[in-house]
2 protein chains.
Amino acid sequence: MSDNQNKSSNLDGDLLALDRLRNMGRHMVEQIEHGEGPAFETVVRSKGNVIFDEEGGFLRLGEKRERRKFLNLSQSKSFMQTLAVAAKTKKFIEEDLHTSIRGLYYQLKFTLGEDLDENLFDEQSESNALIEDLEAALGVKREDLHLTTDRKGVLAGPIVIKDHFAGEDVFIDGRKQGRSGWAIPSDVDNDMEIVELDAKYVLVVEKDAMWQRLNEDRFWQKEKAILITPKGQSSRGVRRLIRKLADKGLPIYVFTDCDAWGWYIYWTIKTGSMNLAYLGRDFSVPEAKFVGVTMSDIEHYDFLKKLTIKAKDVDIKRAQDMINYPWIKKHAEWERELKMVLKTKKKLEQDALQGPRLTFVGEYLREKIGKGEFLP
Amino acid sequence: MSDNQNKSSNLDGDLLALDRLRNMGRHMVEQIEHGEGPAFETVVRSKGNVIFDEEGGFLRLGEKRERRKFLNLSQSKSFMQTLAVAAKTKKFIEEDLHTSIRGLYYQLKFTLGEDLDENLFDEQSESNALIEDLEAALGVKREDLHLTTDRKGVLAGPIVIKDHFAGEDVFIDGRKQGRSGWAIPSDVDNDMEIVELDAKYVLVVEKDAMWQRLNEDRFWQKEKAILITPKGQSSRGVRRLIRKLADKGLPIYVFTDCDAWGWYIYWTIKTGSMNLAYLGRDFSVPEAKFVGVTMSDIEHYDFLKKLTIKAKDVDIKRAQDMINYPWIKKHAEWERELKMVLKTKKKLEQDALQGPRLTFVGEYLREKIGKGEFLP
């Protein structure tokens, strides 16, 4: 298991990163002094090295490691680029300033000029691979390298967060965020601390519209719950925050559509995803449970039958894929759910719970959570 | 001009909406009592009725109106659906509860059952047309009808907002939002009030990553500015909030990429867009000025030359479209900018201003705003 996956959460990830960046540099200087070509070691991140950790219940990388060498024609370019990224991010930490991957690209372009391929640093492209190399090699998160990532998702509830930012402490009270909620940042570790927490559980709601509905009902107050929406698939910040709240001992309940996309959102929170398996336990929450909506809900709430809608091709395809994942297949309840969708070609949205009355969604959640009716 | 476009901002848009919904219903009952088929009148929203209001400087609908009749075979179905929407939203206002278009769809489906076409209420589809009919016919916004819309965008700066929400007042201090900023809600009118404002201007920054950079520099504090990012194209809430801040007398400066998408974001804020022309002045800010990035910046900041990147086909195409809009063409500075892009096939991103040092972006903005170097 890589250092990254073993590392426990800490408040000074950026200082750890700085330390490891320095060691990496020192090590390469030593290699050169010893007449060796400089190299660094990293964990293999390809699918072949992705493992479902049975004991832990999350996706992680296996033991395969690889060396990236400067004196290797096919690796030389990306080796240099990784080092340039390392040098820049070291500077960012020392300056105590943050930027995005795009900002990093322009800093490198300013230094290296025309030689730098712009496609390399589009957020969707190979630049991620460079950053991931560095994360895996150093055993730190990109947020620790002072790289901001896409942020999405909001929170409300009985929690107070101390945000030490740009030289000032501010205290965010999750009960005083009105209609907006607190926008969950990309880095929830460095210079950030949960200073008060008076909740019984965390409820993660797929859609912002449903979050707004529950927020208006003051669901978080009545239930003493932390109410989070990732607004669809979870950002890194949201996944990290849920992990931290689980580490505080709070149960995590996830509420999504009953369709393949909703389940994907759930399973990414719970076990992590194949692509981001290198992040390991720090970004997964195996303790998470699925509160709904389920096809089986139809048996209990009769009116839902007429509120199902036609599943799309993408839903069917994803359900077929997921049913074969061993970590899903082993749960009979999940297999049953997925098979119901494949058989009926129907789906059910969380929004449907507003059918009889807008406030019904809260009643449904209270009932299911109260009775402990979850899928694993 | 429709009532909607004439209407001045008010804190009780939902009460106004309720009043107008009741009148609409009463009027139809009268029509029936007089032996007429019920009908309602709305403004024609097709492109042929979109006008650029020269005096006001924004896109709006012209004078063409049309009647939607129940006793007209081709209109009967959508007439009924519009009435069903009217009845439901009236109930939402009376209950003082909010939901999304999707929530509305399930309320209708619960009542009407299988007859309701689900595609009609996908957010991207014709459902918008039904809601827009109602907005235009009643002269109110959908937010006044207690329909929440997609929200996006954050704010920081010297402003205090009172949010009366779900029975409680909370005060949002834009100086105390840390790294996150205040998430701008979909409705910034009803039960919401700016109670303190100590700013010299508003800076709208296209990208969240750049907003985060400027927030970390405490740009809003040093400059006494309200710092807003729409995170790309502006949501309705963001456009409405900028309009309200302009109405408080603050200059509005917009900072986007120097590419067709960036300009589109700017022009949507300034004049509104063709599709949403029915919203008129309430959602446009003709006073807005463009601070950058511009192709002409290269003449002043020499290093930017090597930080330009290749324009994409979509940039070129949009630049070609925009150069022909009369309200853009009339500004020689804009024509020059667009022509430079078409000629060089290059673009410039706001992120490039981090090239020499991460904090340069703030220096650039201070200099340009200080000297008043804007495009109209």
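Note that the coordinates shown come from a computational prediction; the quantities given were computed from them, not determined experimentally. (Residues numbered from 1 in each chain as written. Chains lettered and ligands numbered in written order. Predicted model: local features only at pLDDT ≥ 70, side-chain atom pairs only at ≥ 80, totals over all residues. Heavy atoms only, no water.)

## Some details on the overall build of chain A
Right, on to step 1. Scanning chain A for helices and strands turns up 14 helices and 15 strands.
Right, on to step 2. Computed over its C-alpha atoms, the radius of gyration of chain A comes to 22 Å, within 12% of the 21 Å expected for a compact globule of 376 residues.
Right, on to step 3. If one aligns the C-alpha atoms of chain A with their principal axes, the spans along those axes are about 75 × 45 × 40 Å.
Right, on to step 4. Of all 376 residues assigned to chain A, the portion counted as buried reaches 61%. (Helix = DSSP H or I, 4+ residues; strand = E, 2+ residues; numbered from the N terminus. Rg over C-alpha atoms; globule rule 2.2 N^0.38 Å. Buried < 20%, exposed > 50% of the residue type's maximum accessible area, 1.4 Å probe, protein only.)

## Here we look at the domain arrangement of chain A
Residue and element names in this part refer to chain A.
Right, on to step 1. Taken domain by domain, chain A consists of domain 1 (3-145) and domain 2 (154-371).
Right, on to step 2. On a C-alpha basis, the centroid separation for the pair domain 1 and domain 2 is 31 Å.
Right, on to step 3. Contacts between the two partners involve 26 residues from domain 1 and, on the opposite side, 26 residues from domain 2.
Right, on to step 4. Carbon and sulfur atoms make up 53% of the surface buried where domain 1 meets domain 2, a total of about 2300 Å² over both sides.
Right, on to step 5. In this assembly, domain 1 and domain 2 are joined by nine residue pairs in polar contact (both at pLDDT 80 or more).
Right, on to step 6. Breaking the side of domain 1 that touches domain 2 down by element, the ones donating at least two residues are helix 1 (3-6), helix 2 (13-33), strand 2 (50-53), strand 3 (58-61) and helix 5 (127-138).
Right, on to step 7. The leading source of residues in the side of domain 1 that touches domain 2 is strand 3, at four residues.
Right, on to step 8. Considered class by class, the residues forming the side of domain 1 that touches domain 2 number six nonpolar, seven polar and 13 charged. (Domains from an automatic or database assignment. Contact = heavy atoms within 4.5 Å. Buried area = accessible area lost by both parts, 1.4 Å probe. Polar contact = N/O pair within 3.5 Å; in protein donor to acceptor, adjacent residues only side chain to side chain. Nonpolar A, V, L, I, M, F, W, Y, C, P; charged D, E, K, R; others polar.)

## Some remarks on the packing of aromatic side chains
Residues and elements named next belong to chain A.
Right, on to step 1. Counting across every chain of the model gives 38 aromatic pairs over all chains.
Right, on to step 2. Ring centres 6.1 Å apart and planes at 85 degrees place the aromatic pair Trp263 and Trp334 in the edge-to-face group. Highlighted residues: Trp263 in helix 9 (residues 260-271) and Trp334 in helix 13 (residues 332-344), separated in sequence by 71 residues.
Right, on to step 3. Taking the relative accessible area as the measure of exposure, Trp263 reaches 0% and is therefore buried. (Phe/Tyr/Trp six-rings, centres within 6.5 Å; stacked < 30°, edge-to-face > 60°.)

## A few points about the pairing of strand 2 (residues 50-53) of chain B
All names here are of chain B.
Right, on to step 1. One ladder, built from four bridges, connects strand 2 with strand 3 (residues 58-61); its direction is antiparallel. The residue of strand 3 that forms the bridge with Val50 is Leu61.
Right, on to step 2. Here strand 2 folds back onto strand 3, and the loop between the two strands holds four residues, one of which, Gly57, carries a positive phi near 85 degrees. (Pairing = 2+ DSSP bridges.)

## Some details on empty space enclosed by the protein
Right, on to step 1. Enumeration according to the criterion identifies three cavities of 30 Å³ or more in this entry.
Right, on to step 2. The calculated volume of the largest cavity comes to roughly 80 Å³.
Right, on to step 3. Lining the largest cavity are Phe165, Glu168 and Val170 of chain A together with Ala156, Gly174, Arg175, Lys176, Gln177, Gly178, Asn215, Arg218 and Trp220 of chain B.
Right, on to step 4. Each residue belonging to the lining of the largest cavity can be placed in one class, and the counts come to four nonpolar, four polar and four charged. (1 Å grid on protein atoms, 1.4 Å probe; cavity = no way out; pocket = protein on both sides within 12 Å on 5 of 7 lines; lining within 4 Å. Points joined across faces, edges and corners; volume = space filled by probe spheres on them.)

## Digging into the interface of chain B and chain A
Right, on to step 1. At the junction of the two partners, chain B supplies 68 residues and chain A supplies 68 residues.
Right, on to step 2. Interface area for chain B against chain A, summed over the two sides, is near 5700 Å², with a carbon-plus-sulfur share of 50%.
Right, on to step 3. Our count for the contact surface shared by chain B and chain A stands at ten salt bridges.
Right, on to step 4. Between Asp208 of chain A and Arg151 of chain B there is a salt bridge; the shortest N-O distance is 2.7 Å.
Right, on to step 5. The interface formed by chain B and chain A includes 39 residue pairs in polar contact (both at pLDDT 80 or more).
Right, on to step 6. Elements that contribute at least two residues to the side of chain B that touches chain A include exactly helix 3 (73-95), helix 4 (101-112), strand 6 (159-165), strand 7 (168-173), strand 8 (182-183), helix 6 (208-216) and strand 14 (309-310) of chain B.
Right, on to step 7. A breakdown of the residues in the side of chain B that touches chain A according to their chemical character gives 22 nonpolar, 21 polar and 25 charged. (Salt bridge = Lys/Arg side-chain N within 4 Å of Asp/Glu carboxyl O.)

## Describing the pairing of strand 1 (residues 39-43) of chain A
Residues and elements named next belong to chain A.
Right, on to step 1. Most of strand 1 sits out of view: four of its five residues are buried.
Right, on to step 2. For strand 1 and strand 4 (residues 65-69), the ladder comprises five bridges, and the chain directions are antiparallel. Within strand 4, the position partnered with Thr42 by the bridge is Glu66.

## Some remarks on the sheet that holds strand 9 (residues 192-197) of chain B
Residue and element names in this part refer to chain B.
Right, on to step 1. With antiparallel pairing, three strands are arranged side by side in an open sheet as 7-6-9. Every other strand in the sheet has two partners, leaving strand 7 and strand 9 as the edge strands with one partner each. When strand polarity is set aside, the average angle formed by the axes of neighbouring strands in this sheet is 20 degrees.
Right, on to step 2. Pairing geometry for strand 6 and strand 7, over six bridges, is antiparallel. (Axes fitted to C-alpha atoms, helices over the stretch in contact; angles between N-to-C directions.)

## Topic: the relation of the copies chain B and chain A
Right, on to step 1. Each copy of the sequence occupies a distinct position, and chain B is placed on chain A by a rotation of 180 degrees and an axial shift of 0.0 Å, giving an RMSD of 0.0 Å. Such a combination of rotation and displacement between the chain copies is what one expects of a two-fold axis. Considering only C-alpha atoms, the residue of chain B closest to the rotation axis is Ala183 of chain B, which sits at 3.0 Å.
Right, on to step 2. Both copies share a contact surface, since 100% of the interface residues of chain B are interface residues in chain A too. (Least-squares fit on C-alpha atoms with pLDDT ≥ 70 in both.)

## Let's talk about the sheet that holds strand 9 (residues 192-197) of chain A
Residues and elements named next belong to chain A.
Right, on to step 1. Strand order in the open sheet made by the three strands is 7-6-9, with antiparallel pairing throughout. Edge positions in the sheet fall to strand 7 (168-173) and strand 9, since each has one partner strand and no second. When strand polarity is set aside, the average angle formed by the axes of neighbouring strands in this sheet is 20 degrees.

## A word on the nonpolar core
Right, on to step 1. By size, the foremost hydrophobic cluster in this structure holds 110 residues, and its most contacted members are Leu203, Ile228, Phe255, Trp263 and Leu365 of chain A.
Right, on to step 2. Ranked by size, the runner-up nonpolar core spans 88 residues in total, among them Val238, Ala246, Ile265 and Ile309 of chain B. (Core = buried A, V, L, I, M, F, W, Y, C linked by side-chain atoms within 4.5 Å.)

## Side note on helix 8 (residues 236-247) of chain B
All names here are of chain B.
Right, on to step 1. Its twelve residues place the ends of helix 8 17 Å apart at the C-alpha level, agreeing with the 16 Å of an ideal helix rising 1.5 Å per residue.
Right, on to step 2. For helix 8, the buried fraction is high: eleven of the twelve residues fall into the buried class.
Right, on to step 3. Along helix 8, the positions that sit buried rather than exposed are Arg236, Gly237, Val238, Arg239, Arg240, Leu241, Ile242, Arg243, Lys244, Leu245 and Ala246.
Right, on to step 4. Within two residues after helix 8, Gly249 carries a phi angle of roughly 95 degrees, on the positive side. (Expected span 1.5 Å × (residues − 1).)

## What about the pattern of salt bridges?
Right, on to step 1. Considering all chains together, one arrives at 91 salt bridges over all chains under this definition.
Right, on to step 2. Put simply, Glu132 of chain A and Arg45 of chain A hold a salt bridge, and the shortest N to O gap is 3.1 Å. Taken together, the residues Glu132 of chain A in helix 5 and Arg45 of chain A in the loop between strand 1 and strand 2 connect sequence positions 87 residues apart.
Right, on to step 3. We note a salt bridge from Glu94 of chain B to Arg22 of chain B, for which the minimum N-O separation is 3.2 Å. Pair noted here: Glu94 of chain B is in helix 3 and Arg22 of chain B is in helix 2 (residues 13-33), with a separation of 72 residues, a long-range link.

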